[in-house]
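# Inside the fold
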Amino acid sequence: MSHPEATAFADPSSARLSVRRGILNLLSLLAIVIVGLSLSSSWFQPPPQTQLDLLQTDLALQASRTLDDPRYQDLARALLGQDVFKVAQNRYQQTADNYAERLKRLKRLTRSTPAGESEATSPEPAQSPEVDPALLASMQDLQTELDALWLRLGLLYAYQEDLEAARQQWQQIIDLERPKVLRAAGAMEVESSQKRAAQVLQGLWGTPRRILPEAEVQIRNHLDGWFEAVALQQLYRLQQRSDSLNALNQQQEKLALAALFRLAVVGGIPVLGALLGLMLLLGWLGWSLWRKRPLLGSAWEVPWPGIGAQAVLTGWFLGFIALNALVPRLYIIILRLGAEQLSPWHQAVALFLTYNSGAVLGAGLLYRLLHTYPGWQRVLQVRLWDPWLLWGLCGYWVALPLVVLAAALSQLLLPQAGGGNPILPLLLDSHGWGARLVFLAVVSVCAPVFEEVLFRGFWLPTLSRHLPMGAAIVLSAFTFALAHLNLSDLLPLTMLGVVLGVVYSHSRNLLAPILLHSLWNTGSLVTLLVLGGAR
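Just so you know, these numbers come straight off a predicted model, no measurement behind them. (Residues numbered from 1 in each chain as written. Predicted model: local features only at pLDDT ≥ 70, side-chain atom pairs only at ≥ 80, totals over all residues. Heavy atoms only, no water.)

## Structural notes on the overall build of the protein chain
Applicable threshold: Only DSSP runs of H or I covering at least 4 residues are called helices, and only runs of E covering at least 2 are called strands; the numbering of each starts at the N terminus. Note on classification: 1.4 Å probe, protein chains only; a residue is buried when its accessible area is under 20% of the maximum for its type, exposed when over 50%, partly exposed between these limits. When checking whether two residues touch, look at their non-hydrogen atoms; a contact exists if any pair is within 4.5 Å. Calculation of accessible area relied on Shrake-Rupley with a 1.4 Å probe; when residues are assessed, cover is drawn exclusively from the protein chains displayed.
Per the secondary structure count, the protein chain includes 19 helices and zero strands. A total of 535 residues make up the protein chain; the buried ones form 46% of that total. Partitioning the intrachain contacts of the protein chain with sequence separation of at least 6 by distance along the chain shows that 76% fall at a separation of at least 24. On the protein chain, roughly 27200 Å² of surface is accessible, and the fraction owed to carbon and sulfur atoms is 63%.

Right under this line is the structure:
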């Protein structure tokens, strides 16, 4: 052993440092494993784009009445096309097939589906110690959503007078049997209720026609929007309730017009924004090449070490995972409510507390590292009197076409990828503006501020110290996307992160990417609210 090696081996501080690095590496490996498991589990969840597509489809069906109105016919044809019902039928059928395939995969994981049995509608596996309760819950949720799709598909077929295809869709729900393991916690009640709804619809379009008890209650409980209206129209015709039928038709005419304008907003503004963004991107690239300006900013002079950045990211991620499990449970205990009793307002507050507890943890870790290194303020800069507003606005428009292309590529490469933002179903279920304002605070203020400080203000400059600027921007963007823990958003969020990184590398002002991020999240939230109006 050489003399320096002997000295290092005998130095207790060096030994402690080696132990700390070993522990940090193990914790980082644990974080990577959690990310991998989360991405793999998201594979079995419906992708958010599927839900958005169905919302837009429902809105198109709601607006279909305007195709016969001379005042709005041209706009309706431009937005809806000529065969809106066939398009809706195909989209719902593809979604149902997608959900059935995911259900097959989950059943294969339980290793209990008998050979030769149809897995799309076969009973779920019997309970065994090896079956994860979370897996069983996912299977129940998927089956419930698949039943809802079959109900709506049957109505689309019935509306187009394909009564045999409609009967087959509803019969799948009626014939499906579930074992006791998936009937816990109210699942049996949901199953029997869905069967009753399918039987009601079969009776309304069957031969002979039959009106089952509580038919209207079942329709209103299990259907909404255009589907509810179609079923109620058939019920009122059979009951010869002309007054109710006329009132329903008048209501649907008003809703159709509102849906048409919602579609114009959802479809028109993003298209115009994407065109503007494409022109801005091409203009900026052309100007940069003509003036021989670099497309990326220069690297930062970072005073803190790379191992410090590793400690902050690892500590924040593992802490956030723990808080994500702990804070909602504490909130439920304090309220003395069950998880199923939480209203949208309670869920919004729980989300606010959970996210911000993780943000406070991250801010604390950042401060603990940075305050020992003079000059860190030159990296994480915030300046009010600066062209950050222009960078943020232009970056938002440029991000629109790029992220759309990345999302299309993601659907091509990962057509079965699932997951998505957990706020989406909570937002769609919320009806009061109190809960929606809390969601807006999390999505449009809290998330942009903290995530841009962490990923652009801290992590990107750290990477630029060790990598070329382009590689640092891409890697920081990929880390940003991974932190959202779902496959379906991996490529689109990476592209968004790249635009955010380029904006920060030029502006050198955190307000620019914060503004861009806030505009992006707010636009997505508003789109969800507009699409949710179909319900």
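From this point, the narrative continues.
## Re the packing of helix α12 (residues 306–335) against helix α13 (residues 344–370)
The condition is simple: Axis definition: a line fitted to C-alpha atoms, limited for helices to the stretch in contact. Angles are taken between N-to-C directions and run from 0 to 180 degrees. Here the word oblique covers every angle except those under 35 degrees (roughly parallel), over 145 (roughly antiparallel) and from 65 to 115 (roughly perpendicular). Crossings are classed by handedness, with left-handed meaning an anticlockwise turn of the near helix from the far one by less than a right angle and right-handed meaning a clockwise turn. Residues are grouped as follows: Ala, Val, Leu, Ile, Met, Phe, Trp, Tyr, Cys and Pro are nonpolar; Asp, Glu, Lys and Arg are charged; every other residue, Gly included, is polar.
Two numbers describe how α12 lies on α13: the axes approach to 8 Å, and their chain directions differ by 150°. Here α13 runs roughly antiparallel to α12, going by the angle between their axes. Crossing geometry of α12 relative to α13 is assigned as right-handed. Across the contact of α12 with α13, the residue classes break down as 17 nonpolar, nine polar and no charged.

## Comments concerning the nonpolar core
To be explicit about the condition: Joining through side-chain atoms within 4.5 Å is the link that ties buried Ala, Val, Leu, Ile, Met, Phe, Trp, Tyr and Cys residues into a set, and such a set is a nonpolar core.
Counting residues in each nonpolar core, the largest one holds 65 residues, and the members touching the most others are W304, L454, F458 and L496. Listing elements by their share of this core, those giving two or more residues are α2 (12–42), α12, α13, α14 (388–413), α16 (433–464), α17 (469–482), α18 (490–507) and α19 (511–532). Beyond its immediate sequence surroundings of up to four residues, F458 is in contact with W304, A309, V312, L366, L369, L370 and V453. By size, the runner-up hydrophobic cluster in this structure holds 59 residues, among which are L80, Y99, A215 and L232.

## Points about the packing of aromatic side chains
Applicable threshold: When the centres of two rings from Phe, Tyr and Trp lie within 6.5 Å, Trp using its six-membered ring, the rings pair. Their planes under 30 degrees apart give stacked, over 60 give edge-to-face, and anything left gives tilted.
The final tally for this structure, using the stated rule, is 17 aromatic pairs. With 5.4 Å between their ring centres and 70° between their planes, Y92 and F227 make a pair best called edge-to-face. Highlighted residues: Y92 in helix α5 (residues 84–110) and F227 in helix α10 (residues 225–239), separated in sequence by 135 residues. Note on Y92: relative accessible area 2%, which makes it buried.

## Description of α18
Basically, it comes down to this: By definition here, a helix of n residues has an expected span of 1.5 Å times n minus one.
Its 18 residues give α18 an end-to-end C-alpha distance of 25 Å, which sits within 8% of 26 Å, the value for a rise of 1.5 Å per residue. Positive backbone phi, approximately 55°, marks R508, located one or two places after α18.

## Section: α12
Spelled out, the test is: Two axes are fitted around each residue, one to the seven residues ending there and one to the seven starting there, and the angle between them is reported as the bend at that residue.
With 30 residues, α12 extends 43 Å between its outermost C-alpha atoms, agreeing within 8% with the 44 Å of an ideal straight helix rising 1.5 Å per residue. Bending of α12 peaks at approximately 30° at the position of L323. Looking one or two places after α12, you find R336, whose phi comes out positive at around 60°.

## Comments concerning the environment of F261
With respect to the secondary-structure elements, F261 resides in helix α11 (residues 242–290). Taking relative accessible area as the criterion, F261 reaches 43% and is therefore assigned partly exposed. Between the C-alpha atom of F261 and that of L59, which follows or precedes it by 202 residues, the distance is 9.9 Å.

## Considerations on the packing of α10 against α11
At their nearest, the axes of α10 and α11 sit 9 Å apart, and the two run at 160° to each other. One finds that α10 runs roughly antiparallel with respect to α11. Crossing hand, α10 versus α11: left-handed. Of the residues in α11, those in contact with A229, L232, Q233, Y236 and R237 of α10 are S244, L245, L248, N249 and Q252. Grouping the amino acids of the contact of α10 with α11 by side-chain chemistry returns five nonpolar, four polar and one charged.

## A look at a nonpolar patch on the surface
This is how the line gets drawn: Within this analysis, patches are made of residues with over 30% relative accessible area and no salt bridge. Like charges are joined at 9 Å or less; nonpolar side chains (Val, Leu, Ile, Met, Phe, Trp, Tyr) at 5 Å or less. Here a salt bridge means any side-chain nitrogen of Lys or Arg lying within 4 Å of a carboxyl oxygen belonging to Asp or Glu.
Together, L26, L29, I32, V33 and L37 make up a nonpolar patch on the protein surface, roughly 510 Å² of accessible area in all. Examined against the element boundaries, L26 turns out to sit in helix α2. For L26, a relative accessible area of 59% puts it in the exposed group.

## Some points on the pattern of salt bridges
Evaluated as defined, the whole model comprises eight salt bridges. Between R167 and E164 there is a salt bridge, with its nearest N and O atoms 3.1 Å apart. On the criterion of helical spacing, the pair formed by R167 and E164 is a turn pair, its members being three residues apart in helix α7 (residues 163–175). The exposure class assigned to R167 is partly exposed, which follows from its relative accessible area of 36%. What makes E164 partly exposed here is its relative accessible area of 43%. E452 is the partner of R456 in a salt bridge, and the nearest nitrogen-oxygen pair spans 2.8 Å. Residue R456 and its partner E452 are both found in helix α16; the two are separated by four residues, about one turn of the helix. Via salt bridges that share partners, E216, R220, E228 and R241 belong to a single interconnected network.

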